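# Topology and contacts: notes
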Amino acid sequence: MLQLTTEDGRTTVTLTASRLDAALAPFLKTAFEERLAEMAAEVRLDLRHVAFVDSAGLGALVRCRKLCRPGRRLALAGLSPTVARVLRLTRMDRVLDVLDDHPA
Amino acid sequence: MCSTITPPDRVAGRGQGSRAVPAEAASEGEAAEPALIRLTMPPAAPAVGETVDLLLDVLDPAARGRAPRSSGRPRPSDELRLAVVEALTNILRHAGHPADRPLHLSAGRRGAMAWITIEDEGRPLPPALLDPARPLPGPPEPGAEMAESPGAGALLEALPEGGWGWVLIHASVDRVTHRRSGGVNRLRLERRLGP
């Protein structure tokens, strides 16, 4: 579910699942915690393959953020409009670092 | 995990003569709205995604095979997808629906408006959830300063990891109605689809 690559002090964690929902959320939390030790101080969680996130999925993303503290910073990248909307409606876009990496 | 599909009782708009009103629609006093699909779903989280995919495929077949949008606003069918997934997940987590009984779903169209009903045999749905103005969970103003600072740890740990489901439902559909009879909750979500 998670593919990690580390380069120049930053680990990119790519979530390979396309649907981050209540069925998958527990596994994301577990997998992220299990591989935390492999991650550099700066972590980018790449969601480019994720077409759908619901409130359970969002909760897992928050948990990943919490797991990164102390000592690491987490940012989300590759958010589709559907996923970005969920963060916006819940106001969690103010709290989770989201990289604006959409082409103009 | 398989859902069980039963053919609709009546086929809408095909000119097949008299069209009996489904019993439950008549008792609600609504105009007859034959379903495009009725199905049952095992009450388990892994069944939700594929069940909702199936419903949306019936409601909006034009969306089949369409690439997700890379920018701009999500499509109406994507917003409806979120609402139905959230509603089902909420039922599975909170309603106390019996684990050995399926959920009953149906869906149809009335012109541009798509509707989905979900029936569960759990506890009565708390009326407060139907209030679109119900506040978001978590601290009232998530702090902008989530960077590392002395107080940031406490702020971070206080972040909610759930409770957003009904906020997302209300923001994603045009109408939410609920009624309960005979120990069954029936939740109905409506959303205009189309360009």
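Remember, predicted model here, so these are calculated numbers, not experimental data. (Residues numbered from 1 in each chain as written. Chains lettered and ligands numbered in written order. Predicted model: local features only at pLDDT ≥ 70, side-chain atom pairs only at ≥ 80, totals over all residues. Heavy atoms only, no water.)

### A word on the interface of chain B and chain A
Contact residues are listed per partner, giving 38 residues for chain B and 28 residues for chain A. Summing the contributions of chain B and of chain A, the shared interface buries around 3,000 Å²; its carbon and sulfur component is 60%. Summed over the shared surface of chain B and chain A, the result is four salt bridges. Here Arg19(A) makes a salt bridge to Asp53(B), at a shortest N to O gap of 3.1 Å. One can count 10 residue pairs in polar contact (both at pLDDT 80 or more) joining chain B with chain A. Counting residues per element, the side of chain B that touches chain A draws most heavily on helix α3 (residues 76-94) of chain B, at eight residues. Residues that form the side of chain B that touches chain A fall into these classes: 17 nonpolar, nine polar and 12 charged. (Contact = heavy atoms within 4.5 Å. Buried area = accessible area lost by both parts, 1.4 Å probe. Salt bridge = Lys/Arg side-chain N within 4 Å of Asp/Glu carboxyl O. Polar contact = N/O pair within 3.5 Å; in protein donor to acceptor, adjacent residues only side chain to side chain. Helix = DSSP H or I, 4+ residues; strand = E, 2+ residues; numbered from the N terminus. Nonpolar A, V, L, I, M, F, W, Y, C, P; charged D, E, K, R; others polar.)

### Overview of the layout of surface pockets
One way to see where empty space is left: roll a probe the size of a water molecule over the atoms. In this structure, the largest pocket occupies an estimated 650 Å³ of space. For the largest pocket, the lining is made up of 27 residues, of which Ala51(A), Arg66(B), Pro68(B), Asp78(B) and Arg81(B) are closest to its centre. Of all elements in the fold, only α3 (81-89) of chain A together with α2 (45-59) and α3 of chain B reach the threshold of two or more residues within the lining of the largest pocket. Residue composition of the lining of the largest pocket, by class: nine nonpolar, seven polar and 11 charged. If you add up the space inside the second largest pocket, you get close to 490 Å³. Looking at the second largest pocket, it is lined by 28 residues, and the ones nearest its centre are Asn90(B), Ile91(B), His94(B), Leu129(B) and Trp166(B). At seven residues, the largest contribution of residues to the lining of the second largest pocket is made by α3(B). In the lining of the second largest pocket, the residues fall into 12 nonpolar, nine polar and seven charged. (1 Å grid on protein atoms, 1.4 Å probe; cavity = no way out; pocket = protein on both sides within 12 Å on 5 of 7 lines; lining within 4 Å. Points joined across faces, edges and corners; volume = space filled by probe spheres on them.)

Function cannot be read off these values alone, since they describe shape.
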